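The residues making up each chain are set out below.
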Amino acid sequence: MENTEKIDILSLSRDELTAELTALGEKTFRAKQIYDWLHVKKVRDFSQMSNISAQLRDTLEKKFCLKSLIIKKKLVSDIDNTVKYLYGMPDGESVETVLMEYKHGNSLCISTQVGCRMGCRFCASTIAGFVRHLLPSEMLLQIYETERDSGRHVDSIVLMGIGEPLDNFDNVMKFLSLLNSEGEGMSLRHISLSTCGIVDRIYELAEMKTGLTLSISLHAATDEKRSSIMPINKKYNLEQLMTACRDYFKKTGRRISFEYSLIEGVNDTEQSADELIKLLRGMLCHVNLIPINEIRERDYKKSRYVEKFQKRLAAAGINATVRRTLGADINAACGQLRRDDGDAHKAVKE
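Residues numbered from 1 in each chain as written. Predicted model: local features only at pLDDT ≥ 70, side-chain atom pairs only at ≥ 80, totals over all residues. Heavy atoms only, no water.

Moving on, we get to unusual backbone geometry. For residues besides glycine, phi is generally negative; the peptide bonds are generally trans as well. The phi angle at K209 is positive, at roughly 50°, despite the residue not being glycine. Residue placement: K209 occurs in the loop between helix 6 (199-208) and strand 11 (213-217). The phi dihedral of H219 falls on the positive side, at around 70°, and the residue is not glycine. Mapped onto the elements of the fold, H219 is located in the loop between strand 11 and helix 7 (223-229). (Helix = DSSP H or I, 4+ residues; strand = E, 2+ residues; numbered from the N terminus.)

For the rest of this paragraph, the subject is the pairing of strand 10 (residues 191-195). A large share of strand 10 lies buried, amounting to five of its five residues. The alternating pattern of strand 10 places I191, L193 and T195 and S192 and S194 on opposite faces, both of which are buried. One ladder, built from three bridges, connects strand 9 (residues 156-159) with strand 10; its direction is parallel. Paired with L159 across the two strands is L193, which belongs to strand 10. Inspection of the sheet shows strand 10 paired to strand 11 by four bridges, in the parallel sense. For L193, the partnering residue across the bridge sits in strand 11 and is L214. (Buried < 20%, exposed > 50% of the residue type's maximum accessible area, 1.4 Å probe, protein only. Pairing = 2+ DSSP bridges.)

Another aspect to go through is the nonpolar core. What tends to happen in soluble globular proteins is that the nonpolar side chains get buried as a cluster. Grouped together as the largest cluster of nonpolar side chains are 96 residues, with contacts concentrated most on I157, F258, L280 and L313. Per-element tally for this core: the top contributor is helix 5 (residues 169-181), with seven residues. In this structure, V98, C109, V158 and L326 belong to the second largest nonpolar core, which totals five residues. (Core = buried A, V, L, I, M, F, W, Y, C linked by side-chain atoms within 4.5 Å.)

At 3.6 residues per turn, the α-helix brings residues three or four places apart onto the same side. Between the first and last C-alpha of helix 5 there are 18 Å, a value that for 13 residues agrees with the 18 Å anticipated at 1.5 Å per step. Taken as a whole, helix 5 has its buried residues at F169, V172, M173, F175, L176, L178 and L179. Where helix 5 is buried, its residues meet helix 2 (29-39), strand 6 (105-110), helix 4 (136-150), strand 9, strand 10 and helix 6. (Expected span 1.5 Å × (residues − 1). Contact = heavy atoms within 4.5 Å.)

Strand order in the open sheet formed by ten strands is 3-4-5-6-9-10-11-12-13-14, with mixed pairing between adjacent strands. Two strands close off the open sheet at either side, each with one partner strand: strand 3 (70-76) and strand 14 (320-322). The sheet shows a mean angle of 20° between the axes of neighbouring strands, taken without regard to direction. Sheet contacts for helix 5: strand 6, strand 9 and strand 10; angle to strand 10, the most-contacted strand, approximately 170°. Running over the sheet, helix 10 (residues 306-315) touches strand 12 (256-262), strand 13 (285-291) and strand 14 and is turned about 170° from strand 13. (Axes fitted to C-alpha atoms, helices over the stretch in contact; angles between N-to-C directions.)

Further remarks concern the pattern of salt bridges. Under the defined criterion, the tally for this structure stands at 21 salt bridges. Put simply, K174 and E16 hold a salt bridge, and the shortest N to O gap is 3.0 Å. In this pair, K174 is assigned in helix 5 and E16 in helix 1 (residues 14-23), connecting sequence segments 158 residues apart. On the basis of relative accessibility, which here comes to 24%, the residue K174 falls in the partly exposed class. Judged by relative accessible area, E16 falls into the partly exposed class, the value being 33%. A salt bridge links E264 to R304, with the shortest nitrogen-to-oxygen separation between them at 2.7 Å. Here R304 lies in the loop between strand 13 and helix 10 and E264 lies in the loop between strand 12 and helix 9 (270-280), a separation of 40 residues in the sequence. We classify E264 as partly exposed; its relative accessible area is 23%. Since its relative accessible area comes to 63%, R304 is described here as exposed. Each of E270, D274, K308 and R312 takes part in one network of salt bridges that share partners. (Salt bridge = Lys/Arg side-chain N within 4 Å of Asp/Glu carboxyl O.)

So this is what it looks like as structure tokens:
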């Protein structure tokens, strides 16, 4: 069993690791050597650090833990090369990660929590409830293990898997800092963060001027309708959310993307389109229309009017596109693989 008293080395910044090593009497250059092993060569074990003395490797083993993920399940689409992973962690929990292939490169959708407490009615990720936050190392490892297994380089990251990123704010910000500055590094302009609308954190994010793309899970344009499918709207209503979004654009200059999952008979009518037009008129933004993924626990159905809805927005001057469906043959939507795995474990126990 993993020693929880050990320090999670993959979650440490270079400065933090340097401080730990100098406290052990090591030279500061050792921190760079070890970081290269962790974040460039991406080793799984301290014994693989061949230019580090055996004595120091033994010290690292005693003081630090080097976390790892195992592939519990892997599904590969025959349609578009989308790969969906169910990763298992040392504590027995699991998360989902999806590798998607686009013309501009490979994009990886990662999870930020085990489960989710936001309670969005159409989402499979929230059905089993919230378990815990993911650590920065566990977010990084989704990238490292996917690159290692697939042989493909990840060009962009989407924080749109299981969990609400802004509900795990400190760990996510640490992850972004590590991703941006350590190893080969990745510009945060290649990162998209999706949130259901935790307004206080959006203001904090705006002040940080990270350069990432902010995606708002909107899905309805009136408080009554949005509150019925997204409980977060009861805490932060649309007026508060839109004010925060305008502040984000003003502070960062980054166009906001609004995600809108179309549900038959709920938010896909001409009236719903007009409500969305009214809400977003005059704002520099992009609307990402998403044919909803049907899940067995809900009776929500995929809309038949996606193109009609998109054309109505476009006619009003709202930039809107329909998200390309990837991995349709492997149920690549978030939460379904983890939920099925949980059902299997439950059945075994029973």
